[in-house]
Amino acid sequence: YSIELTLPYPDVNQDGIVDNTDVNEKDLKIWYYDGTLWKTQKLITSVPILDSNQNTVTVNITKLGYYAIMAIPTEPTIDNLTVYPAPFTDKTKFMFNLGAPADVTIKIYTVTGRLISSLTRQDDGSYGNINIEFNGVDNNNNELSNGTYIYKIVTANKTNNKSYNKTGKITKIR
């Protein structure tokens with residue numbers, strides 16, 4: 001089964017721009033909140049229908065829940081980055097706020113610059129609080145030695161080719 005959900009947006013002068021913003025009505029989507037992240041794909045079973053005359057967006061959904069009408073953010077920023085635990089013994093987690101849907105890659109390097117591990121999170125349409133766990137092994141599945149390593153987090157938004165990166169250090173102890 002599916003439920004038709006229609007949400008309104010303000011555009012009093014009918015100029016195609018959401019009132020009090022610079023957002024074009026064609027950039028609006030209906031988002032579902034899963035308790036952690038806002039998503040555009042989960043539980044939405046139809047292509048959004050924009051009605052410029054009525055100032056509404058309509059989709060079919062499969063479950064009741066929290067929905068909102070928003071423009072898709074385009075800046076895949078990395079904010080509030082925390083790596084925990086630090087230092088780590090066997091695994092650590094990269095936790096941050098992703099500013100827009102994007103692919104995320106975390107590369108781990110030795111202090112001499114040799115790439116030893118790469119983690120990838122494919123863009124699934126979600127953004128917000130992101131957690132990516134690093135299991136403390138290299139690309140050959142060998143446990144890392146004690147020491148300091150460099151990480152580089154890169155985000156890439158395929159829609160507008162915008163990207164951001166952050167670098168830092170992590171330390172492995174036993």
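Caption draft 1: Examining the overall build of the chain more closely. Within the chain, the regular secondary structure consists of zero helices and 13 strands. Secondary structure elements of the chain, listed N to C terminal, follow the sequence β-β-β-β-β-β-β-β-β-β-β-β-β. By the compact-globule yardstick of 16 Å for 174 residues, the chain is too spread out, its C-alpha radius of gyration being 20 Å. Taking the principal axes of its C-alpha atoms as reference, the chain extends roughly 65 × 35 × 20 Å.

Caption draft 2: Molecular detail of the nonpolar core. Judged by nonpolar contacts, the single largest core of 23 residues is most densely connected at Phe 94, Ile 106, Ile 108 and Ile 170. Looking at this core, the elements with two or more residues in it are strand E7 (78–84), strand E8 (92–98), strand E9 (103–109), strand E10 (115–121), strand E11 (127–134) and strand E12 (147–157). Once residues lying within four places of it in the same chain are set aside, the contact partners of Phe 94 are Thr 82, Val 83, Ile 106, Ile 108, Ile 130, Asn 131, Ile 132, Phe 134, Tyr 151, Ile 153 and Ile 170. Residues Leu 28, Tyr 32, Val 57 and Val 59 belong to the second largest nonpolar core, which totals 11 residues.

Caption draft 3: Focus on the environment of Pro 48. Looking at the secondary structure, you find Pro 48 in the loop between strand E3 (37–39) and strand E4 (49–51). Take Pro 48: its relative accessible area is 32%, and that puts it in the partly exposed class. Counting along the chain gives 12 residues from Pro 48 to Asn 60, while the straight-line C-alpha distance between them is 8.1 Å. Every residue in contact with Pro 48, bar those within four places of it in the chain, is listed here: Val 57, Thr 58 and Val 59.

Caption draft 4: Quick peek at the packing of aromatic side chains. Overall, the coordinates contain five aromatic pairs when judged by the stated rule. Between Trp 31 and Tyr 127, the aromatic rings sit 5.2 Å apart at their centres with planes inclined by 85 degrees, giving edge-to-face as the arrangement. With a gap of 96 residues between them, Trp 31 in strand E2 (residues 28–33) and Tyr 127 in strand E11 connect regions that are remote in the sequence. One exposure class covers both Trp 31 and Tyr 127, and it is buried. Where Phe 88 meets Phe 134, the ring centres are 6.1 Å apart and the plane angle is 75 degrees; that geometry is what we call edge-to-face. One end of the pair, Phe 88, is in the loop between E7 and E8; the other, Phe 134, is in strand E11, and 46 residues separate them in sequence.

Caption draft 5: Main features of the sheet that holds E2. The six strands lie next to each other as E6-E2-E3-E11-E8-E7, forming an open sheet whose pairing is antiparallel. On the outer flanks of this sheet lie strand E6 (66–71) and E7, each paired with one strand and no other. Ignoring strand direction, the axes of neighbouring strands in this sheet form an average angle of 35 degrees. In terms of strand pairing, E2 meets E6 through six bridges, oriented antiparallel. Considered in E6, the bridge of Ile 30 is made with Ile 69.

Caption draft 6: Broad picture of the pattern of salt bridges. The full count for this structure, using the stated rule, is five salt bridges. Across the pair Lys 158 and Asp 103 runs a salt bridge, and its minimum N-O distance is 3.5 Å. A residue pair is termed long-range when its members are at least 10 positions apart, and Lys 158 in the loop between E12 and strand E13 (162–172) and Asp 103 in strand E9 qualify at 55 residues. When the shortest N-O distance is used, the salt bridge between Asp 124 and Arg 121 registers 3.2 Å. Note on Asp 124: relative accessible area 30%, which makes it partly exposed. Assessed through its relative accessible area of 15%, Arg 121 is described here as buried.

Parameters and conventions
- Residues numbered from 1 in each chain as written.
- Predicted model: local features only at pLDDT ≥ 70, side-chain atom pairs only at ≥ 80, totals over all residues.
- Heavy atoms only, no water.
- Helix = DSSP H or I, 4+ residues; strand = E, 2+ residues; numbered from the N terminus.
- Rg over C-alpha atoms; globule rule 2.2 N^0.38 Å.
- Core = buried A, V, L, I, M, F, W, Y, C linked by side-chain atoms within 4.5 Å.
- Buried < 20%, exposed > 50% of the residue type's maximum accessible area, 1.4 Å probe, protein only.
- Contact = heavy atoms within 4.5 Å.
- Phe/Tyr/Trp six-rings, centres within 6.5 Å; stacked < 30°, edge-to-face > 60°.
- Pairing = 2+ DSSP bridges.
- Axes fitted to C-alpha atoms, helices over the stretch in contact; angles between N-to-C directions.
- Salt bridge = Lys/Arg side-chain N within 4 Å of Asp/Glu carboxyl O.

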